[in-house]
Amino acid sequence: MAAIDFGMTVGEVVGKGRGLKNRFGIEFELEGEGLPKSVAGWDVTHDGSLRNNGLEYVTSTPYTLEDALSAITAMEKATAKSKIANTGYAGTHIHVNVSDLTVTKMFNFALLFLALEDIIASRYYGEGRKGNLFCLCASDAEGLINYIYRAVIKGDLTILKTDDIRYSSLNFSSLFKHGTLEFRGQDGIGDFNRARDWLRFLAAFKTRSTQFDDPVAMLMVSSRTDGRFAEEFLGELTDEELSRVRAGVRRIQPIVFEGEW
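Residues numbered from 1 in each chain as written. Predicted model: local features only at pLDDT ≥ 70, side-chain atom pairs only at ≥ 80, totals over all residues. Heavy atoms only, no water.

**Examining the confidence of the model for the protein chain**
- Taken residue by residue, the protein chain gives an average pLDDT of 93. The fraction at 70 or more is 99%.
- The secondary structure element of the protein chain with the lowest average pLDDT is helix α7 (residues 215-225), at 91, and the one with the highest is helix α2 (residues 65-78), at 98. (pLDDT = per-residue confidence, 0-100. Helix = DSSP H or I, 4+ residues; strand = E, 2+ residues; numbered from the N terminus.)

**Observations concerning the nonpolar core**
- Grouped together as the largest cluster of nonpolar side chains are 81 residues, with contacts concentrated most on Phe 107 and Phe 172.
- Filtering out sequence-adjacent residues up to four positions away, Phe 172 remains in contact with Met 106, Phe 107, Ala 110, Leu 144, Ile 148, Leu 160 and Leu 181. (Core = buried A, V, L, I, M, F, W, Y, C linked by side-chain atoms within 4.5 Å. Buried < 20%, exposed > 50% of the residue type's maximum accessible area, 1.4 Å probe, protein only. Contact = heavy atoms within 4.5 Å.)

**Observations regarding the pairing of strand β4 (residues 55-59)**
- The buried fraction of β4 amounts to four of the five residues, a majority that puts the element mostly inside the structure.
- Bridge analysis of strand β1 (residues 24-30) against β4 gives four bridges, and the strand direction is antiparallel. Considered in β4, the bridge of Glu 29 is made with Glu 56.
- As paired strands, strand β3 (residues 42-45) and β4 are joined by four bridges and run antiparallel to one another. Its bridge partner being in β4, Thr 45 is matched across the sheet by Glu 56. (Pairing = 2+ DSSP bridges.)

**Details of the pairing of strand β8 (residues 180-187)**
- Counting buried positions over the eight residues of β8 gives eight, a clear majority of the element.
- Note that strand β6 (residues 91-97) and β8 share six bridges and pair antiparallel. Of the residues in β8, the one forming a bridge with Val 96 is Leu 181.

**What about the side chain of Asp 118?**
- Structurally, Asp 118 is set in helix α3 (residues 103-124).
- Judged by its relative accessible area of 16%, Asp 118 is buried.
- Sequence-distant contacts of Asp 118, defined by excluding residues within four places in its chain, comprise Lys 130, Cys 137, Ser 139 and Arg 244.

**Quick notes on helix α9 (residues 239-258)**
- Between the first and last C-alpha of α9 there are 29 Å, a value that for 20 residues agrees with the 28 Å anticipated at 1.5 Å per step.
- All buried positions along α9 are accounted for by Glu 241, Leu 242, Val 245, Gly 248, Val 249, Arg 251, Ile 252, Ile 255 and Val 256.
- On its buried side, α9 packs onto α3, α4 (143-154) and α7. (Expected span 1.5 Å × (residues − 1).)

**Side note on the environment of Thr 102**
- Following the sequence through the fold, Thr 102 ends up in the loop between β6 and α3.
- Between the alpha carbons of Thr 102 and Asp 5 there is a distance of 9.2 Å; along the sequence they are 97 residues apart.
- Excluding its chain neighbours within four sequence positions, the residues that come into contact with Thr 102 are Phe 6, Gly 7, Met 8, Thr 9 and Val 10.
- Of the polar contacts made by the side chain of Thr 102, one reaches the backbone nitrogen of Lys 105; its length is 3.1 Å. (Polar contact = N/O pair within 3.5 Å; in protein donor to acceptor, adjacent residues only side chain to side chain.)

**So, the packing of aromatic side chains**
- For the structure shown, the criterion picks out 18 aromatic pairs.
- Look at Phe 205 and Phe 233: their rings are 5.0 Å apart centre to centre, the planes differ by 50°, and that puts the pair in the tilted class. Taken together, the positions of Phe 205 in helix α6 (residues 192-209) and Phe 233 in helix α8 (residues 231-234) put the pair 28 residues apart, joining distant regions of the chain. The residues Phe 205 and Phe 233 share a single accessibility class, namely buried.
- Taken together, a centroid distance of 6.5 Å and an interplanar angle of 85° make the contact between Phe 229 and Phe 233 edge-to-face. The residues Phe 229 and Phe 233 share a single accessibility class, namely buried.
- Joined through ring pairs, the aromatic side chains of Phe 109, Phe 113, Tyr 124, Tyr 125, Phe 183, Trp 198, Phe 201, Phe 205, Phe 229 and Phe 233 make up one cluster. (Phe/Tyr/Trp six-rings, centres within 6.5 Å; stacked < 30°, edge-to-face > 60°.)

**Regarding the pattern of salt bridges**
- Applying the stated rule across the entire model yields 11 salt bridges.
- Here Lys 206 ties to Asp 100 by a salt bridge, and the two come within 3.7 Å at their closest N and O atoms. Within this pair, whereas Lys 206 is found in helix α6, its partner Asp 100 is found in the loop between β6 and α3, the two being separated by 106 residues in sequence.
- What makes Asp 100 partly exposed here is its relative accessible area of 28%.
- Here Arg 123 ties to Glu 241 by a salt bridge, and the two come within 3.4 Å at their closest N and O atoms. With Arg 123 in helix α3 and Glu 241 in helix α9, the pair connects residues that are 118 residues apart, well separated along the chain.
- In this structure Glu 241 comes out as buried when scored by relative accessible area, which is 12%. (Salt bridge = Lys/Arg side-chain N within 4 Å of Asp/Glu carboxyl O.)

**Examining the sheet that holds β1**
- Reading across the sheet, the six strands line up as β3-β4-β1-β6-β8-β7 and stay open at both edges, with antiparallel pairing between neighbours. Whereas interior strands pair on both sides, the edge strands pair on one side only; in this sheet they are β3 and β7 (170-171).
- Along the sheet, α2 contacts β1, β3 and β4; its crossing angle with β1, the most-contacted strand, is approximately 20°.
- Sitting on the sheet, α6 is in contact with β1, β6 and β8, with an inclination near 25° to β6. (Axes fitted to C-alpha atoms, helices over the stretch in contact; angles between N-to-C directions.)

Written out as structure tokens, the structure reads:
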């Protein structure tokens, strides 16, 4: 799959997820007592990585945003009497379909997310998730940035089809299974209000990030505003948070300015 045309859609390149524009998938990993064995609209599996009677709940089909929010409410009601434990092993994973996006626009979405991730993590992931080995941020494991750089420079998305970066908080390998980017950062403690907020944030973030022509145009806005463009996504930032945004932008700069968008 070498030397792809970045104007092609992701679906055309990977052959997955086509016809599912603006669809989402959700995975709830939960541990504890009294977890339901079945929930309408969800598939239930035993995940070997979970402990304490843990179960994984996966949406039965890709949902629109509205239907995905309704599915979260159904899960909330089904677990109302469960005693969900906070052990650090469980997570909430959101799959965002990107098959309709051009490869360039998909990288808009992914690279802007990685640039702002340290602040996003503090707002949405939950305590103890930063540095978790099952959802490593790019600032904790910059190997992901190296893989993305190689994929962009060589024009070969298959470089991202590797288990070496599967446990990054932003998982690219799901592109080749579902035509999605998988966001693995949030904890799995049964806080369904936070899960709804996380889903809404990702949906809005995808929409706004893909309005830029390409990643270069995106970073030029960052340069003109000295990083304060991030407040459009995250609200008012402290000086310390702005410093972390600038560090995140510097992290993705080699990819952005050397890519043939």
